[in-house]
Amino acid sequence: MSIAVARQVIAAGNLANLDTPGFRAQELAFDKALDSRVGGLQLASTSAGHLPAAPGPQAVAARDAGGSPRRDGNTVQLDRELLTMTEAAGDFAKAQTALAAKFRLVRYALSEGR
Amino acid sequence: MGTLTSAIAASRSALTAERVRIEAAVSNLANAESTRGPDGTPYRRRDVVLEAQPVGPFDTLVGGGTPAAGVRVAGVVEDRAPFQRRYQPSHPDADAEGFVALPNVDQAEEMVDMLGAARAYQANLSAITLIRDVIQRALELGK
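In this text, all values refer to a predicted model and were calculated from it rather than measured experimentally. (Residues numbered from 1 in each chain as written. Chains lettered and ligands numbered in written order. Predicted model: local features only at pLDDT ≥ 70, side-chain atom pairs only at ≥ 80, totals over all residues. Heavy atoms only, no water.)

Undergrad: What's the story with the overall build of chain B in this structure? I'm lost.
TA: A count of helices and strands for chain B gives 3 helices and 4 strands. The N-to-C order of helical and strand elements in chain B reads α-β-α-β-β-β-α. A compact globule built from 143 residues should have a C-alpha radius of gyration of about 15 Å, whereas chain B, at 22 Å, is more than 25% larger. Each of the three principal axes of chain B carries a C-alpha extent, and together these read 80 × 25 × 20 Å. Sorting the 143 residues of chain B into buried and exposed places 36% on the buried side. A separation of at least 24 residues holds for 63% of the contacts in chain B among residues at least 6 apart in sequence. Of the roughly 7,900 Å² of accessible surface on chain B, a fraction of 57% belongs to carbon and sulfur atoms. Once the 15 positive and 18 negative side-chain charges of chain B are each reduced to a mean point, those two points are 6 Å apart. (Helix = DSSP H or I, 4+ residues; strand = E, 2+ residues; numbered from the N terminus. Rg over C-alpha atoms; globule rule 2.2 N^0.38 Å. Buried < 20%, exposed > 50% of the residue type's maximum accessible area, 1.4 Å probe, protein only. Contact = heavy atoms within 4.5 Å. Areas by Shrake-Rupley, 256 points an atom, 1.4 Å probe, with all protein chains shown as cover. Lys, Arg positive; Asp, Glu negative; His and termini not counted. Charge placed at Lys NZ, Arg CZ, Asp CG, Glu CD.)

Structure below.
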C-alpha cells in the first residue's frame, strides 16, 4: 500500500509539471523500494563478534524516468502518468482488500466467532 | 495518507498554474489589436513562467518519503518580440510613414497554448479524482 501511494504521489507530481520547462519525469525506483522493505531483515548473529547488517534505506527513492525530452526539455508523458496513477490505484485497492480480509478475521476471532 | 494529501496539493498547484496560463492566453487574445496600453505603447504578449516546487514539506519532515513535485507560477513576463506593423494611415496611432504598431500576439499560438493548458487542467483534475478514490479505499479499512 505504501508503495502504491508513493507511485501515486510521484505521478501526481509529474502531472503537475506537465508544462514546466526542463522538468524531468520521475518514477519510483522499484528495486530501491523493495530493498527498503526487505532491508528490515536482520542477519542472524551466532557469535558476539558478528557485526549487525547495515539498516536498509528507509525513504522510498524516486529517480529520473528517462524518455526523450520535448523541445522545452520536459520529459513528462501525459498518458504514461495517468496510466501509472490508475495502476497504482488498482494496486492499492488490491492490497486494501487483502488487509481488510485480515482485519475481518481478527474481528471474527475477537467476537469469538459470533 | 499524509503523502496522498501532498499529492493532491501538487495537483491543486497545477490547477492554479494552468488557470493562470489560460488567463494569460485569454488576455493576449483579447488585446490582439490593442494599440494603446497603460504606458501608451501597444500591448505586449504575456507569457507565464512555470517552476517546479516541492509540496508537503511537513510530510518529508516526519519521514513521509519523497515530497510531491508541485508547480508554481514563477512570474508573468512580457514577450519582447517586435511589434507587428500594419499599413493603415487613417489610424490615429499610425507613425509618419502610415504604419501602425500592433501587439506581438499570434492568435494561432494563443489558441494552441490555451488548448494545452485546458488539457493539462483536465489531466490534473482526473489525478485528483484518482487520489480521492484511493483515500476512500483507505478509509474503508475502518469499516
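We are not done yet, so read on.
Undergrad: Where do I start with the pattern of salt bridges in this structure?
TA: Oppositely charged side chains can form a pair if their charged atoms are brought close together. Taken as a whole and assessed by the stated rule, the structure comprises 24 salt bridges over all chains. Here aspartate 91 of chain A ties to arginine 7 of chain A by a salt bridge, and the two come within 3.4 Å at their closest N and O atoms. Of the two residues, aspartate 91 of chain A sits in helix 3 (residues 78-110) while arginine 7 of chain A sits in helix 1 (residues 2-16), which places them 84 residues apart along the sequence. Of the charged contacts in the structure, one is a salt bridge between arginine 80 of chain B and glutamate 78 of chain B, with a shortest N-O distance of 3.5 Å. The network of salt bridges with shared partners includes Arg45, Asp47, Asp79, Glu109 and Glu110 of chain B. (Salt bridge = Lys/Arg side-chain N within 4 Å of Asp/Glu carboxyl O.)

Undergrad: Help me out: how do you make sense of the packing of helix 1 of chain A against helix 3 of chain A in this one?
TA: Packed helix pairs are specified by the crossing angle of their axes together with the interaxial distance, meaning the distance between the axes. All names here are of chain A. Running from amino to carboxyl end, helix 1 crosses helix 3 at an angle of 160°, the nearest separation of the two axes being 9 Å. Relative to helix 3, the element helix 1 lies roughly antiparallel. The way helix 1 lies across helix 3 gives a crossing that is left-handed. Taken together, the residues of helix 3 that come into contact with helix 1 (itself represented by Ala4, Val5, Arg7, Gln8, Ala11, Ala12, Asn14 and Leu15) are Leu78, Glu81, Leu82, Thr84, Met85, Glu87, Ala88, Ala89, Asp91 and Phe92. Grouping the amino acids of the contact of helix 1 with helix 3 by side-chain chemistry returns 11 nonpolar, 3 polar and 4 charged. (Axes fitted to C-alpha atoms, helices over the stretch in contact; angles between N-to-C directions. Parallel < 35°, antiparallel > 145°, perpendicular 65-115°, else oblique. Left-handed = near helix turned anticlockwise from the far one by under 90°. Nonpolar A, V, L, I, M, F, W, Y, C, P; charged D, E, K, R; others polar.)

Undergrad: I tried to follow the nonpolar core on my own but got confused; where do I start?
TA: Taken as a class, soluble globular proteins show a tendency for nonpolar side chains to be buried jointly. Judged by nonpolar contacts, the single largest core of 29 residues is most densely connected at Met85 of chain A together with Leu4, Val71 and Ile131 of chain B. Mapped onto this core, the elements with two or more residues apiece are helix 1 and helix 3 of chain A together with helix 1 (2-30), strand 1 (46-55), strand 2 (68-78) and helix 3 (107-140) of chain B. At 8 residues, the largest contribution of residues to this core is made by helix 1 of chain B. Aside from chain neighbours lying at most four places away, what touches methionine 85 of chain A is Gln8, Ala11, Ala12 and Leu15 of chain A together with Ala127, Leu130 and Ile131 of chain B. Listed in part, the 6 residues of the second largest apolar core include Leu18, Phe23 and Val76 of chain A together with Ala120 of chain B. (Core = buried A, V, L, I, M, F, W, Y, C linked by side-chain atoms within 4.5 Å.)

Undergrad: Just to check I follow, could you spell out the interface of chain A and chain B for this structure?
TA: It is common to give the size of an interface as the accessible area lost on bringing the parts into contact. Between chain A and chain B, the contact holds 29 residues from the first and 31 residues from the second. For the chain A and chain B pair, buried surface summed over both sides reaches about 2,300 Å², with 69% attributable to carbon and sulfur atoms. Taken together, the links from chain A to chain B amount to 1 salt bridge. Among the ionic pairs, arginine 21 of chain B bridges to aspartate 19 of chain A, the shortest N-O distance being 2.6 Å. Between chain A and chain B we count 7 residue pairs in polar contact (both at pLDDT 80 or more) in total. Counting only elements with at least two residues in the side of chain A that touches chain B, the list comes to helix 1 and helix 3 of chain A. (Buried area = accessible area lost by both parts, 1.4 Å probe. Polar contact = N/O pair within 3.5 Å; in protein donor to acceptor, adjacent residues only side chain to side chain.)

Undergrad: In this structure, what is going on with helix 1 of chain A? I would like to understand it.
TA: A turn of α-helix holds 3.6 residues, and therefore any two residues three or four places apart point the same way. A rise of 1.5 Å per residue sets the reference length of helix 1 of chain A, with its 15 residues, at 21 Å; its end C-alpha atoms lie 21 Å apart and thus fit the reference within 8%. Counting buried residues in helix 1 of chain A gives 13 out of 15 residues, a clear majority hidden from the surface. (Expected span 1.5 Å × (residues − 1).)

Undergrad: I would appreciate a short explanation of the side chain of asparagine 124 of chain B in the present structure.
TA: The topology assignment puts asparagine 124 of chain B in helix 3. In this structure asparagine 124 of chain B comes out as buried when scored by relative accessible area, which is 0%. A distance of 3.5 Å separates the side chain of asparagine 124 of chain B from the backbone oxygen of leucine 15 of chain A, its partner in a polar contact. Discounting residues that sit within four places of it in the chain, asparagine 124 of chain B has contacts with Leu15 and Ala16 of chain A together with Ser11, Ala14 and Leu15 of chain B.

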